[in-house]
Amino acid sequence: MKVGIYTLGCKVNAYESEYVMNLFKERGYVIAPYEDICDIYIINTCTVTNQSDSKSRKIIRSATRNNPNACIVAMGCYIEANKDNLIDGVDIYIGNKDKSKVVDLVEDYLKNKKQITNLYSDLGNKFEDMEIKTFEGRTRAFVKIQDGCENFCSYCIIPYVRGKCRSKDQAKVIEEIQALVSNGYKEIVLTGIHTGNYGRDLDTDFASLLSEIVKIDGLYRLRLSSIEITELTDKVLEIIKDNNIIADHLHIPLQAGSDKILKNMNRKYDTQSFRNKINKIRSIRPDISITTDVIVGFPGETDELFEESMSFCKEIEFAKIHVFPYSVRKGTPAAKFPNQVDGNIKKERAHRLLELSKELEKNYMNKFIGKNLEILVEQAKNDISFGHTSNYLLVKLNKIYKSEDIVIAKISKVEYPYCVVE
């Protein structure tokens, strides 16, 4: 039987979908493109914005059109957030628990033809173990080390749909990375819903985990996914300072460059503490790429406060800014805040911030013209190879290399979005 899997949203969803795909393959199912006429469709949904909700519904409905007789599984954050308003046409509903049981649930449905709804009022305190040894068509491997969030930023629905912080046993994290390295993966990406909060439920912390991972034989590059500025502790920074195996790139969400907006967002820092920590990071890694997320049009964001954010982003000189127009999430405090910002104003601000991001990105890329960098090759086509450096520059090489080759080469010019090696 053919299985099509569609993933929306974050790297955690990507990891979970990869795990599910491997489960089906182990049971003898054939993984096919989602657009094919499949016997089973799995949609791993997202609910971080209104647009995510809309796309989740659209993809679910497309499965019912592709094959009305297929078994359709909808799982993940959108389902978790809409337990009382589930979309029609789905045979199996799973939230953010029991994704590891999806094959058993599908086989139960195929046998009995009875709709299954596996949803819980509480996701519990236990991390749902998953382990992946190979990633289809990828040169970098993700390892999910943590789930859940308890930050409760005023705009964010994720703590409500992902539950409490739950961490993977440290020994299991090490074993999974060792297996991936043995299978030829040179770059490992640590991911989670609140990655830097790893271990708070296990009487350990993120720094302790990092200190063990960097000792793994054969690991060429370790990349950290999004991490909060407050979780880049002195212990974590000391490990980053002493271990070049950790990629020269950190994605640190800012969300707003205005202290008033940060306070209303219930973020755990102000602009001065953010600035101080960035300066400390750059004191130990001068050329590091620091990328970020910024929300525009948060309730109460005046033109003046938006200009504060723009100025702060220029000052920090991020290597790239991921821009998100504020999206009202029902059930969050910010949904009830006064002074909601008009949609057209959000679009205009998003456009301006994206233009700034492009300018900052080019400035950062130009710093490396004439410098030799190590490039991990990821793919090749039409006599050209592509790969990323440790600081996440996307590099184009005018020569064919094998995937996973490490090439030391001089950057000759910038052809946005590429750095080019002649």
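This section reports on the structure supplied with the text.

1. Focus on unusual backbone geometry
Okay, so step 1: Note that the residue after Tyr416, namely Pro417, is joined by a cis bond; omega there is 10°.
Okay, so step 2: The residue Pro417 is located in the loop between β18 (413-415) and β19 (418-421) in this model.
Okay, so step 3: A positive phi angle, close to 75°, is found at Gln255, a residue other than glycine.
Okay, so step 4: With respect to the element layout, Gln255 can be found in the loop between β11 (249-251) and α9 (259-265).
Okay, so step 5: The exposure class of Gln255 is buried, given its relative accessible area of 9%.
Okay, so step 6: We note that Tyr392 has phi near 65°; this positive angle belongs to a residue other than glycine.
Okay, so step 7: Its place among the elements puts Tyr392 in the loop between β15 (384-389) and β16 (394-397).
Okay, so step 8: For Tyr392, a relative accessible area of 37% translates into the label partly exposed.

2. Examining the sheet that holds β11
Okay, so step 1: The strand order across the open sheet formed by three strands is β11-β12-β13, and the pairing between neighbours is parallel. Only two strands of the sheet have a single neighbouring strand rather than two, namely β11 and β13 (320-325). The mean inter-strand angle of the sheet, taken between neighbouring strand axes irrespective of direction, is 15°.
Okay, so step 2: Where strand β12 (residues 289-296) and β13 come together, six bridges link them in parallel fashion.

3. Details of the nonpolar core
Okay, so step 1: Within the largest apolar cluster, 97 residues are counted, with the highest numbers of intra-cluster contacts made by Phe24, Ile177, Ile188, Leu190 and Ile213.
Okay, so step 2: The contact partners of Ile177, leaving out residues within four places of it in the chain, are Val143, Ile188, Leu190, Ile213, Ile216 and Leu219.
Okay, so step 3: Judged by nonpolar contacts, the second largest core, of 18 residues, contains Tyr34, Cys38, Ile72 and Ile87.

4. Things to note about the pairing of strand β9 (residues 187-192)
Where a strand is regular, its side chains alternate between the two sheet faces.
Okay, so step 1: In terms of burial, β9 is largely enclosed, as six of its six residues are buried.
Okay, so step 2: Every second residue of β9 is oriented toward a common face, with Glu187, Val189 and Thr191 on one face and Ile188, Leu190 and Gly192 on the other, all of them buried.
Okay, so step 3: For strand β7 (residues 140-147) and β9, the ladder comprises six bridges, and the chain directions are parallel. Counted as the bridge partner of Phe142 is Val189 from β9.
Okay, so step 4: As paired strands, β9 and strand β10 (residues 221-224) are joined by four bridges and run parallel to one another. Bridged to Leu190 within β10 is Leu224.
Okay, so step 5: Regarding the hand of the β-α-β motif, the stretch spanning β9, helix α7 (residues 206-213) and β10 is right-handed.

5. A short note on the pattern of salt bridges
Okay, so step 1: The tally for this structure, following the rule as stated, stands at 30 salt bridges.
Okay, so step 2: Ionic pairing is found between Arg27 and Glu107, a salt bridge with its closest N-O pair at 3.0 Å. Of this pair, Arg27 sits in the loop between α1 (11-26) and β2 (30-32) while Glu107 sits in helix α4 (residues 102-112), placing them 80 residues apart in sequence.
Okay, so step 3: For Arg27, a relative accessible area of 42% corresponds to the partly exposed category.
Okay, so step 4: For Glu107, a relative accessible area of 30% corresponds to the partly exposed category.
Okay, so step 5: The residue Glu228 makes a salt bridge to Arg267 at a minimum N-O spacing of 2.6 Å. Of the two residues, Glu228 sits in the loop between β10 and α8 (234-242) while Arg267 sits in the loop between α9 and α10 (271-284), which places them 39 residues apart along the sequence. Accessibility assignment for this pair places Glu228 and Arg267 in one class, buried.
Okay, so step 6: Because the salt bridges share partners, they merge into one network encompassing Glu16, Lys99, Lys144, Asp147, Arg162 and Arg166.

6. Comments concerning α8
Okay, so step 1: Those residues of α8 not exposed but buried are Val236, Leu237, Ile239 and Ile240. All buried residues of α8 fall inside an arc of 155° around its axis, so they share one side. Opposite the buried face of α8, at more than 90 degrees from it, the exposed residues are Asp234 and Asp242.

7. With respect to a positive patch on the surface
Okay, so step 1: Judged by side-chain charge, Lys55, Lys58, Arg61 and Arg65 come together as a positively charged surface patch.
Okay, so step 2: Within the fold, Arg61 resides in helix α2 (residues 50-66).

8. Side note on the pairing of strand β3 (residues 40-45)
Okay, so step 1: Most of β3 is tucked away, with six of its six residues classed as buried.
Okay, so step 2: Neither face of β3 is open: one carries Ile40, Ile42 and Asn44, the other Tyr41, Ile43 and Thr45, and all of them are buried.
Okay, so step 3: Relative to strand β4 (residues 71-76), β3 runs parallel, the two sharing six bridges. Bridge pairing links Ile42 to Val73 in β4.
Okay, so step 4: Of the crossover connections in this fold, the one passing from β3 over α2 to the parallel β4 is right-handed.

9. With respect to the packing of aromatic side chains
Okay, so step 1: Across all of its chains, the model carries 15 aromatic pairs by this definition.
Okay, so step 2: Measuring from centroid to centroid gives 6.0 Å for Phe298 and Phe337, while their planes differ by 85°, and the two rings are edge-to-face. One end of the pair, Phe298, is in the loop between β12 and α11 (303-316); the other, Phe337, is in the loop between β13 and α12 (343-366), with 39 residues separating them in the sequence.
Okay, so step 3: Residue class for Phe298 comes out buried when judged on its relative accessible area of 0%.
Okay, so step 4: Here Tyr364 and Phe368 contribute two aromatic rings whose centre-to-centre distance is 5.0 Å and whose plane-to-plane angle is 65°, an arrangement assigned as edge-to-face.
Okay, so step 5: Exposure remark for Tyr364: the relative accessible area of 8% places this residue in the buried category.

About the criteria used
- Residues numbered from 1 in each chain as written.
- Predicted model: local features only at pLDDT ≥ 70, side-chain atom pairs only at ≥ 80, totals over all residues.
- Heavy atoms only, no water.
- Helix = DSSP H or I, 4+ residues; strand = E, 2+ residues; numbered from the N terminus.
- Buried < 20%, exposed > 50% of the residue type's maximum accessible area, 1.4 Å probe, protein only.
- Pairing = 2+ DSSP bridges.
- Axes fitted to C-alpha atoms, helices over the stretch in contact; angles between N-to-C directions.
- Core = buried A, V, L, I, M, F, W, Y, C linked by side-chain atoms within 4.5 Å.
- Contact = heavy atoms within 4.5 Å.
- Right-handed = clockwise from strand over helix to strand, strands pointing away.
- Salt bridge = Lys/Arg side-chain N within 4 Å of Asp/Glu carboxyl O.
- Arc of directions from axis to C-beta.
- Patch = residues over 30% accessible without salt bridge, like charges linked within 9 Å, V, L, I, M, F, W, Y side chains within 5 Å.
- Areas by Shrake-Rupley, 256 points an atom, 1.4 Å probe, with all protein chains shown as cover.
- Lys, Arg positive; Asp, Glu negative; His and termini not counted.
- Charge placed at Lys NZ, Arg CZ, Asp CG, Glu CD.
- Phe/Tyr/Trp six-rings, centres within 6.5 Å; stacked < 30°, edge-to-face > 60°.

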